[in-house]
Structures are given as C-alpha cells and as structure tokens.
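If you want the building blocks of each chain, they are given just below.
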Number of protein chains: 2
Amino acid sequence: MAGSQGDKYYDVFLRYRLWLSTKDGIGILGEGRLALLREIDKTGSLKAAADNLNISYRKAWGNIKHAEEMLGFILVEKQRGGKLGGKSQLTDEARNLLSAYDELKDDFELAIKDITRKFFKKINKT
Amino acid sequence: MAGSQGDKYYDVFLRYRLWLSTKDGIGILGEGRLALLREIDKTGSLKAAADNLNISYRKAWGNIKHAEEMLGFILVEKQRGGKLGGKSQLTDEARNLLSAYDELKDDFELAIKDITRKFFKKINKT
DNA sequence: ATCCGATATGCATCATTAAACATATTGCAA
DNA sequence: TTGCAATATGTTTAATGATGCATATCGGAT
C-alpha cells in the first residue's frame with residue numbers, strides 16, 4: 001500500500017516483476033508462463049490450460065516451446081492422437097521449477113514489504 | 001549468478017524490474033525515467049539529458065510529462081527562451097524521489113541476493 | 001528588433017509484439 | 001478405416017509502442 005490518505009503518493013504503488021532469462025536478456029519464463037505450466041499441471045492439457053487462461057492455443061504452445069528451447073530441456077511431456085486427441089503433463093523438472101518459484105515468490109513478498117514501507121515513508125515526507 | 005558450471009540452470013539468470021505505477025497498472029516511473037531525471041539533474045537540460053542517454057528529445061519530454069501527469073505534481077522545473085534557449089532542473093520532490101529510489105534499490109539488491117541463491121540451489125538439485 | 005537554442009507538441013511512420021487464421025499430424029475407439 | 005480432438009506449426013493481420021519529422025514558442029543577449 002502506498003500510505004495513508006493525504007500522502008503525496010497515496011495512489012502510487014510499487015510494482016515488480018521477476019523472470020528467468022538468458023545471460024543476454026532473452027526472457028525464458030515469467031509469471032504468465034509459469035501460470036500456464038500450473039494450469040497444464042491442473043488440466044493435463046495444453047489446450048484446456050490455454051482456454052482457462054484466455055490465451056490462444058497458438059500462443060501457449062509457442063511460449064512453452066520457446067522456454068524449452070532456451071532451457072535446453074523439456075517442461076511438458078506432450079502426446080497427440082487417440083480418442084481424446086492427446087494430452088500434456090509436466091516433467092519433474094517443471095514441477096520442481098514451479099515449487100521453487102512459489103517459494104521464491106513468497107520470500108520475495110516478505111522481503112519487499114518492509115522495503116516498500118520504508119520507501120513510501122520517505123517520499124511522503126517531502 | 002545462476003550456479004556452478006554443470007548445473008542445469010547454469011546459464012539462466014533471475015531478473016527483476018521495479019517501477020511505480022497507478023492502482024490500475026499504468027506505469028509512472030521506472031529505471032529508464034529515473035535515469036533521465038538523474039541526467040537532467042546533472043546537465044540542467046532536458047535536451048542534453050536525452051542526448052546523453054541516446055533517446056530522442058521528443059520521447060524524453062513525453063516521458064517526463066506523462067509521469068508528472070500521473071503523479072499530479074511537477075518533477076522538472078522547465079524554462080524556455082533566453083540566449084541559451086532554456087534550461088531544466090529537478091524539483092525537490094524529484095530529488096527526494098531519486099534518493100529514496102536509490103535506497104530502495106540498494107535494500108532490494110541486498111534482500112534478493114540470498115533469495116536468489118536459495119532458488120538456484122533448489123532447482124539445480126533436480 | 002533580431003537571432004539562437006532549448007522547450008513544447010502534433011502528426012506520420014516504423015518496428016516489435018501479440019492475436020488471429022489456416023492447415024497438417026497423430027493414434028485410439030467405434 | 002474413419003472420425004475426432006488435441007498437438008504442431010507456418011502465415012498473416014492487428015495492435016501497441018517507439019522513432020522520426022515538422023513546426024511553434026519563448027526570452028536573454030546582441
């Protein structure tokens with residue numbers, strides 16, 4: 001929260017983004033793609049995951065593929081064909097990544113809380 | 001740093017961005033615009049600052065204006081005309097903001113260090 | 001009064017990214 | 001062996017944002 005009403009920065013907020021990238025700054029996985037992985041895990045289907053997150057299948061598929069190419073290993077075990085058309089499930093690596101990220105996020109939130117408070121306290125004093 | 005060579009995530013890095021935004025997610029000030037403010041402070045000129053940062057005057061001017069409109073107060077005291085064409089200098093609010101941001105950034109770096117180390121330690125174990 | 005260089009701003013264009021469209025492939029079950 | 005639904009992928013169009021271009025304004029110094 002920015003501060004108490006009346007503060008100069010009352011309706012200003014501090015935001016942050018975290019993501020994994022290559023050394024030269026190419027994005028690999030961010031919040032959006034991790035959410036996609038989580039949804040694949042939940043539904044067992046890339047298409048269902050894309051639908052649930054309101055993004056096109058084309059985009060979802062491309063995102064996963066790009067991340068896998070950057071990482072050099074597979075995040076989603078995909079099979080096609082069959083009565084149900086196919087299915088997808090996360091690899092162990094992907095699950096491990098998700099759980100590590102969740103922990104990271106929590107740690108982060110916790111750490112940023114005080115820092116943010118201190119920041120707004122300082123700028124609102126001007 | 002991602003970890004020791006041989007690790008699965010050896011050439012993967014965790015990045016972050018911090019910025020000020022409105023409640024509904026409209027960006028106000030990020031690293032780039034703060035750098036612009038710093039350069040204005042250093043040079044006393046919006047044009048010189050833009051040149052030094054290799055961005056167009058048009059863009060620099062628009063960025064400052066947008067930030068000021070979002071914040072509801074002035075960051076740069078601008079005057080035009082005169083032999084030298086004009087000049088610009090930061091308001092006290094802008095200076096305060098810059099110094100608070102520097103402190104925030106330092107705090108942030110410090111906090112993220114351990115968190116990042118822990119994250120890579122965990123995912124590299126898979 | 002005129003000149004100069006920076007501030008001020010609208011408008012066209014270009015580039016980068018995201019969304020949409022189209023089409024092929026796969027393999028189980030009926 | 002055919003139909004179906006999801007995976008797989010190229011192409012293309014739309015949208016967003018950055019860049020460049022043009023032009024006006026201002027006021028101290030000459």
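One numbering rule holds for all chains: residues counted from 1, following each sequence as written. Labels follow written order: the first chain is A, the first ligand is 1, and so on. Selection of residues for local features in this predicted model requires a pLDDT of at least 70, selection of side-chain atom pairs for listing and counting requires 80 or more, and totals for whole chains, interfaces and linings are taken over all residues. Only hydrogens and water are set aside; all other atoms, that is, all heavy atoms of the structure, feed into the side-chain values.

Taken together, the four strands give an open sheet; going across it, the order is S2(A)-S1(A)-S1(B)-S2(B), and neighbouring strands pair in antiparallel fashion. Only two strands of the sheet have a single partner each, and these edge strands are strand S2 (27–29) of chain A together with strand S2 (27–29) of chain B. The average undirected angle you get between the axes of adjacent strands in this sheet is 65°. In this description, strands pair whenever DSSP reports at least two bridges between them. Secondary structure elements follow DSSP: runs of H or I of four or more residues count as helices, runs of E of two or more count as strands, with numbering from the N terminus. By the bridge criterion, two bridges tie strand S1 (residues 12–22) of chain B to S2 of chain B in an arrangement that is antiparallel. If you follow Ser21 of chain B over to S2 of chain B, its bridge partner there is Gly27 of chain B. Between N-to-C directions, angles span 0 to 180 degrees; the directions come from axes that are lines fitted to C-alpha atoms, helices contributing only their stretch in contact.

This part takes up the packing of helix H1 (residues 31–43) of chain B against helix H3 (residues 57–71) of chain B. Residues and elements named next belong to chain B. Between H1 and H3, whose axes approach to 11 Å, the crossing angle comes to 105°. When the axes of H1 and H3 are compared, the pair comes out roughly perpendicular. Every residue of H3 that contacts H1 at Arg33, Leu36, Leu37 and Ile40 is listed here: Ala60, Asn63, Ile64 and His66. Note on residue categories: nonpolar means Ala, Val, Leu, Ile, Met, Phe, Trp, Tyr, Cys or Pro, charged means Asp, Glu, Lys or Arg, and polar means any other residue, Gly included. Grouping the constituent residues of the contact of H1 with H3 by class yields five nonpolar, two polar and one charged. For classification purposes, an angle smaller than 35 degrees is called roughly parallel, one larger than 145 roughly antiparallel, one from 65 to 115 roughly perpendicular, and anything else oblique. By definition in these notes, contact holds between two residues if any of their heavy atoms fall within 4.5 Å.

Turning our eyes to something else, we now look at the relation of the copies chain B and chain A. Each copy of the sequence occupies a distinct position, and chain B is placed on chain A by a rotation of 180° and an axial shift of 0.0 Å, giving an RMSD of 0.2 Å. Those values place the two copies in the arrangement expected of a two-fold rotation axis. Across chain B, the smallest distance between a C-alpha and the rotation axis is recorded for Arg17 of chain B, namely 2.7 Å. We superpose the copies by least squares over the C-alpha atoms of residues that have a pLDDT of at least 70 in both of them.

Here we come to empty space enclosed by the protein. Residues are said to line a cavity or pocket when one of their atoms sits within 4 Å of a point; the points come from a 1 Å grid over protein atoms alone, cavities being sets where a 1.4 Å probe fits but cannot get out and pockets being open sets with protein on both sides within 12 Å along at least five of seven lines. Grid points are joined across faces, edges and corners, and a volume is the space filled by probe spheres set on the points. In total, this model carries three cavities of 30 Å³ or more according to the counting rule given. Roughly 50 Å³ of internal volume is contained in the largest cavity. Lining the largest cavity are Phe108, Ala111, Ile112 and Ile115 of chain A together with Phe108, Ala111, Ile112 and Ile115 of chain B. The residue makeup of the lining of the largest cavity, split by class, is eight nonpolar, no polar and no charged.

Our next topic: the protein's contact with DNA strand C. Think of it this way: one heavy atom of a residue within 4 Å of a molecule or strand is enough to make that residue near it. Taken together, 22 residues are adjacent to DNA strand C, and Lys59 and Gly82 of chain A together with Leu46, Tyr57 and Trp61 of chain B come closest. Of everything in DNA strand C that lies within 4 Å of the protein, sugar and phosphate atoms constitute 62%. A 3.5 Å cut-off defines polar contacts: any pair of N or O atoms within that distance qualifies, except that in protein one atom must be a possible hydrogen donor and the other a possible acceptor, and neighbouring residues in sequence count only when both atoms are side-chain atoms. In the environment of DNA strand C, a phosphate oxygen lies 2.9 Å from a nitrogen or oxygen atom belonging to the backbone of Lys47 of chain B. Residue assignment for the surface near DNA strand C shows that the elements contributing at least two residues are helix H3 (57–71) of chain A together with helix H2 (46–52), H3, strand S3 (76–80) and strand S4 (86–90) of chain B.

The next thing to look at is the pattern of salt bridges. Pairing between side chains of opposite charge can happen when the charged atoms of each approach one another. Take a side-chain nitrogen of Lys or Arg and a carboxyl oxygen of Asp or Glu: if they are within 4 Å of each other, that pair is a salt bridge. Applying the stated rule across the entire model yields 24 salt bridges over all chains. The salt bridge partner of Glu68 of chain B is Lys78 of chain B, with a shortest N-O separation of 3.0 Å. Separated by ten residues along the polypeptide, Glu68 of chain B in helix H3 and Lys78 of chain B in strand S3 bring together distant segments of the chain. Think of it in three bands: with a 1.4 Å probe and only protein chains considered, a residue is buried below 20% of the maximum accessible area for its type, exposed above 50%, and partly exposed in between. When its relative accessible area of 9% is taken as the criterion, Glu68 of chain B is described as buried. Sharing partners across several salt bridges, the network here consists of Glu103 and Asp107 of chain A together with Lys118 and Lys122 of chain B.

Before going further, it helps to examine the protein's contact with DNA strand D. Taken together, 21 residues lie near DNA strand D, and Leu46, Tyr57, Arg58 and Trp61 of chain A together with Gly82 of chain B sit nearest. Put simply, 60% of the atoms of DNA strand D that lie within 4 Å of the protein are in sugar or phosphate. In this structure, Gly86 of chain A approaches DNA strand D through a main-chain N or O atom, which is 3.4 Å from a sugar or linking oxygen. Sorting the residues of the surface near DNA strand D by element identifies helix H2 (46–52), H3, strand S3 (76–80) and strand S4 (86–90) of chain A together with H3 of chain B as the ones contributing at least two each. The residue inventory of the surface near DNA strand D, partitioned by class, reads four nonpolar, seven polar and ten charged.

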